[in-house]
Amino acid sequence: MNELFTLPVLLGVLYSGVRLATPYLYAALGEMFAQRSGVVNLGVDGIMLMGAFTAFFIVTNTGSLALGMLGAMVIGLLMGLLMSFVSVNLRAVQGISGIGLYLFGLGFSSLLFKRLLGSTKAIDGFQAIPIPFLSDLPYVGDVFFKHNALVYVAFALVPVAAFVLNRTTLGLKIRAAGMKPEAADSLGVSVAGVRYFCVCLGGVMAGVAGASLSIGLINLFQENMTSGLGFIAVALVYFGGWTPVGVMVGALLFSMVNAFQLWVQVKDILPSSYRDFVVMMPYVLTIVALVFGRRARQPTALSKPFSRGEN
Amino acid sequence: MNRNVKSLWSFAAAGLILAACGAAPAAAPAASAKQVKVAVVMPSASNDGAFSQSMFDALKSVQASMGGEAGFKLAVSEGMVQVPNAAAAIRDYAQQGYDLVIAHGTQYGNSLQEIAKDFPNVAFAWGTATDTFADKGIKNVFAYNPRAQEGGYALGVLAAKISKSGIIGVAGPVEAGDAKTYVDGFKKGVLDTKPTAKVNVVYTGSFSDVSLMAAAAETHSKAGADVLTGSSQAVVGAIGVAKDKKAIWLGTQANQSSLAPDTVGASQVYDFSGIVKEILALSAKGTKGGTAFELSLKSGGLKIVYNDKISIPADAKAAVDAAIKGIIDGTIKPLP
Amino acid sequence: MQRAKSLAGQALEAMTPVIAVLLALMIGAVMLLALQVNPITAYSALADGAFGSTFAIAQTLVKATPLLLVGLGICIAFRGGVINIGGEGQIIVGALATTAFTLGFSEAPLLVLLPGGLISGMLAGGVWGGIAGVLKARFGVNEILTTIMMNAIAVQLSNFLLRGPMIDPKEIVSGTLLAQSARLPDSAWLPRLIPQTLLHAGAILALVMAVLVYVLLWRTVLGYRIRAVGLNPDAARYAGIRVPVYQALALLLSGALAGLAGAVEVLGVSHRMMEGVSGGYGFSGIVAALFGKLHPLGAIPASMLFGSLLVGADKMQRAVQVPSALIDALNGLVVLFVVGSDILVRRRAQRRREQEPHA
């Protein structure tokens, strides 16, 4: 057991955890904005897959990472618009429309992959950029400052999101739309407009999350490569108590436990028959943390469509 | 009376009308007497770069050798993860009069047992498996099984020879079937060649979780591995990371060189085409089943294919060749 | 005096989901054309696959059965104001429990074995859903989160059991080590209803459950309270109903029905426990419930409709050789359209309400 808790192990787990958390973080931050404004979007996984494919396709054909990222954002925006329309204008039941969006994204991304690419081939994704000086710091440098640009941006977005949410008028409007839409409406805030904005933002970020997988983390594309990651990201929003920092902690916790269970296997600590329990760890821990953590404050109007005069 | 039931009946009526109209065009066009009709049901995508792709590629090459679509009609049902759906597909193809229906997935075995009985004139093939159900009186099922441990051993020898750090990482999906035999053979190949080498094995618990495979490769890399291997369609995750870390990847099930030409050193390729041709020949003569085929280095069903873009030192290749020879003549046992 | 709905109005409401499906299929036709497939050939294969023969209709009903059971559970949950996304996990644990019970007591007579197996499934599913319910009631943890997590946990639990303690001894002997349980003894199988097809008695059981759930929700105190909590938790609280308790019960009952679906799949279709037994029914069941307007009796034709789409789509894939990914995309469109079309129905309902004079 001593072998497990050595410093190189710890550093390795932390490094992997930070890297692996990136797609979760993008997707969950975007979903957090959507949910803060009152809309649950369970289709995140489908948007991620479309974003992953779009970015990969563009990079395979043009070699430009920037264009690929842009493409993913545009696709994410389009799917976000669709979700906004269905949730705000059509006031559909959100849990289910999200699943429809997910199925569509899953199928369509696979279809496009089959017809447009046929097979996959590794591309040169985002390369690691060690931050000068900081990356030379002992221990901390290895863990935090030797990642690629996408990882840095993801974590940089956390304070930005917190600032927008808590210290800007926009943030106030968003929070109002999610907590007390009637009050917001009577004060002249366009609840529909705010929700559109947030769900579209969520879509864009889900697209980026998918791209972070296909052109940042894995550098290949495969059908259904997210394998449910988007759903976990949605759950992380609840786990994080709808705050950017909470979401970040959740993403890191989840990823690090995942990284940790891989280490447990590498170091051969437990007999192989218990592997499946080890794989279960992140999910169980999430629930445990939730139960014993602080009471989260759910946006009161979450998943309730709003229309003037009906409430 | 529930209003919704009315809508059901209207839909059902519409459906029946369509079916009646559809009966004519849905009938298969008259095929020439020589056209062989083969259908395959597989659990993952036909372009997954691994298990399903190996069968798909083999069938495509057999089709080409038999004159293309005119001589060989191929129907594919991929992504059949759920066994009842696969069973429905297998049954349907048999009913439609296909000459050979391939159940490319060990999990389809139970369903195949029941279906084969109902269609004695259709030849079925099942893999990866060794049981042809002969003991249950079923005469129309062929079985095929890759001896993944053989190629695994050979690649293990290669890994031991080319690894500079002496640490090698294995990212397995689930500890079962040919994934397990491959890993076991690989590990033995490494340790027989270089007893001081370290082989770290991780099973992610999923055949499809690509990010977890990537994380596994990350973990191995952090532990010092400079040669990586693994199996299942999720390995694209690990290959991407291997490319990033400039490690060498050794693949199995299909030729993975095209996935990352600067990273993949060699692959164990499952070549099912020989078996497919044999089955078709036997079936044409009236034998619809009963033989359990094995893919092995000896039979040519397993091949070690190098990636030309990566330079492998001559002594490493010589060691691999010696290992292959040893496995073929029986002096080397790939499994512990 | 209440203003009765016109016949045309009723018909339109009933047809709304069907119209939505047709619209989605039209978009699907565009996709088919882009793939150079004739949509007419494709869709007639779909209809043929769903209704074209006795076997096909039987297949449709076989698929509809777990959809109906899960859908009934969702009716209860949604009516109680809780969102149960944990169907997949609840089906899995239900199937595991049924398998364990049946294999453990395989010598018992049919009268004990079959009901016992079904009840084990219900209990396990109920516990799985109940855990989410308790976490919500006692700790205020949102059920969307817990049910999603428990899906993943159920999968890993199933993997562990099927590769370890519950693995078929034959697999160990043959060395293939496939993750599945031993075959269930014939005496425990749900009887086949039509020979030469796969239709089993589970279909009848599901119909019976639909009636029972209707009775539960509208004719019992428990059902009344669950619905009250779902319609207006605050009003229910003022009326003295302990809201968290009934929300938890709604989740428990919902889980139990999903667990029963798992039991039925194992005892009627696969006859052993294996991976993939949940087959996406945990999600599709939600859609089926919605098709049926969250009414237990509406869920019956809804699950048959959805079942026919699933069966027909598979046949379509085989007949015209489109990638199965198209089916997923089509599925998604159908869900989006049906869910989106709901607003038309609600608007009509609202206009009618506005025109009613106050009592």
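Residues numbered from 1 in each chain as written. Chains lettered and ligands numbered in written order. Predicted model: local features only at pLDDT ≥ 70, side-chain atom pairs only at ≥ 80, totals over all residues. Heavy atoms only, no water.

Trainee: Could you give an account of the overall build of chain B, naming the residues involved and the relevant values?
Mentor: From N to C terminus, chain B includes 10 helices and 12 strands. With respect to the three principal axes, the spread of C-alpha positions in chain B is 70 × 55 × 35 Å. Taking all 336 residues of chain B together, 62% fall into the buried category. Taking contacts inside chain B between residues at least 6 apart in sequence as the whole, the part at least 24 apart equals 66%. Carbon and sulfur atoms make up 57% of the accessible area of chain B, which totals about 12200 Å². Averaging the coordinates of the 31 positive side-chain charges in chain B and doing the same for the 27 negative ones gives two points 1 Å apart. (Helix = DSSP H or I, 4+ residues; strand = E, 2+ residues; numbered from the N terminus. Buried < 20%, exposed > 50% of the residue type's maximum accessible area, 1.4 Å probe, protein only. Contact = heavy atoms within 4.5 Å. Areas by Shrake-Rupley, 256 points an atom, 1.4 Å probe, with all protein chains shown as cover. Lys, Arg positive; Asp, Glu negative; His and termini not counted. Charge placed at Lys NZ, Arg CZ, Asp CG, Glu CD.)

Trainee: I'd like a description of the packing of aromatic side chains, backed by residues and values.
Mentor: Applying the stated criterion across every chain, the model contains 18 aromatic pairs over all chains. Taken together, a centroid distance of 6.4 Å and an interplanar angle of 80° make the contact between Phe53 of chain A and Phe113 of chain A edge-to-face. A residue pair is termed long-range when its members are at least 10 positions apart, and Phe53 of chain A in helix H2 (residues 44–62) and Phe113 of chain A in helix H4 (residues 94–117) qualify at 60 residues. A ring pair is formed by Phe142 of chain B and Phe293 of chain B, whose centres lie 6.0 Å apart and whose planes are at 40°; its orientation type is tilted. Taken together, the positions of Phe142 of chain B in strand S5 (residues 141–146) and Phe293 of chain B in strand S11 (residues 292–295) put the pair 151 residues apart, joining distant regions of the chain. Feature note: the residues Phe53, Phe56, Phe57, Phe113 and Phe221 of chain A constitute an aromatic cluster, connected by ring pairs. Above the ring of Phe139 of chain C, the side-chain terminus of Arg138 of chain C is found at 5.3 Å from the ring centroid. The aromatic ring of Tyr93 of chain B is capped on one face by Arg318 of chain C, whose charged end is 6.0 Å from the ring centroid. (Phe/Tyr/Trp six-rings, centres within 6.5 Å; stacked < 30°, edge-to-face > 60°. Lys NZ or Arg CZ within 6 Å of the ring centre and 35° of its normal.)

Trainee: Can you break down the interface of chain C and chain A residue by residue, with the values?
Mentor: With 42 residues of chain C at the contact, the number on the chain A side is 41 residues. Three residues stand out in chain C for area buried against chain A, namely Met149, Phe160 and Leu336 of chain C, and they jointly supply 16% of the buried area on that side. Remark: the boundary between chain C and chain A carries zero salt bridges. In this assembly, chain C and chain A are joined by zero residue pairs in polar contact (both at pLDDT 80 or more). Those elements that provide at least two residues to the side of chain C that touches chain A are helix H5 (110–139), helix H6 (143–163), helix H12 (281–291) and helix H14 (324–355) of chain C. In terms of residues, the side of chain C that touches chain A owes the most to one element, H14 of chain C, which gives 15 residues. Per-class residue counts for the side of chain C that touches chain A are 29 nonpolar, nine polar and four charged. (Buried area = accessible area lost by both parts, 1.4 Å probe. Salt bridge = Lys/Arg side-chain N within 4 Å of Asp/Glu carboxyl O. Polar contact = N/O pair within 3.5 Å; in protein donor to acceptor, adjacent residues only side chain to side chain. Nonpolar A, V, L, I, M, F, W, Y, C, P; charged D, E, K, R; others polar.)

Trainee: Any chance you could break down helix H2 (residues 51–65) of chain B for me, citing the residues and the numbers?
Mentor: Residues and elements named next belong to chain B. Along its 15 residues, H2 runs 22 Å from first to last C-alpha, staying within 8% of the 21 Å computed at 1.5 Å per residue. Within H2 the residues assigned to the buried category are Phe51, Ser52, Gln53, Ser54, Met55, Phe56, Ala58, Leu59, Val62 and Gln63. Within two residues after H2, Gly67 carries a phi angle of roughly 90°, on the positive side. (Expected span 1.5 Å × (residues − 1).)

Trainee: Please set out the side chain of Gln113 of chain B residue by residue, giving values where relevant.
Mentor: All names here are of chain B. Of note, Gln113 is situated in helix H4 (residues 109–118). Note on Gln113: relative accessible area 13%, which makes it buried. Once residues within four sequence positions are removed from consideration, Gln113 is found in contact with Phe133, Lys136 and Ile138.

Trainee: How would you sum up H12 of chain C? Please name residues and give values.
Mentor: All names here are of chain C. The buried fraction of H12 amounts to 10 of the 11 residues, a majority that puts the element mostly inside the structure. Taken residue by residue, H12 has Tyr281, Gly282, Ser284, Gly285, Ile286, Val287, Ala288, Ala289, Leu290 and Phe291 as its buried positions. Where H12 ends, the next residue or the one after it, Lys293, has phi of about 60°, a positive value.

Nothing here speaks to function; it is all geometry.
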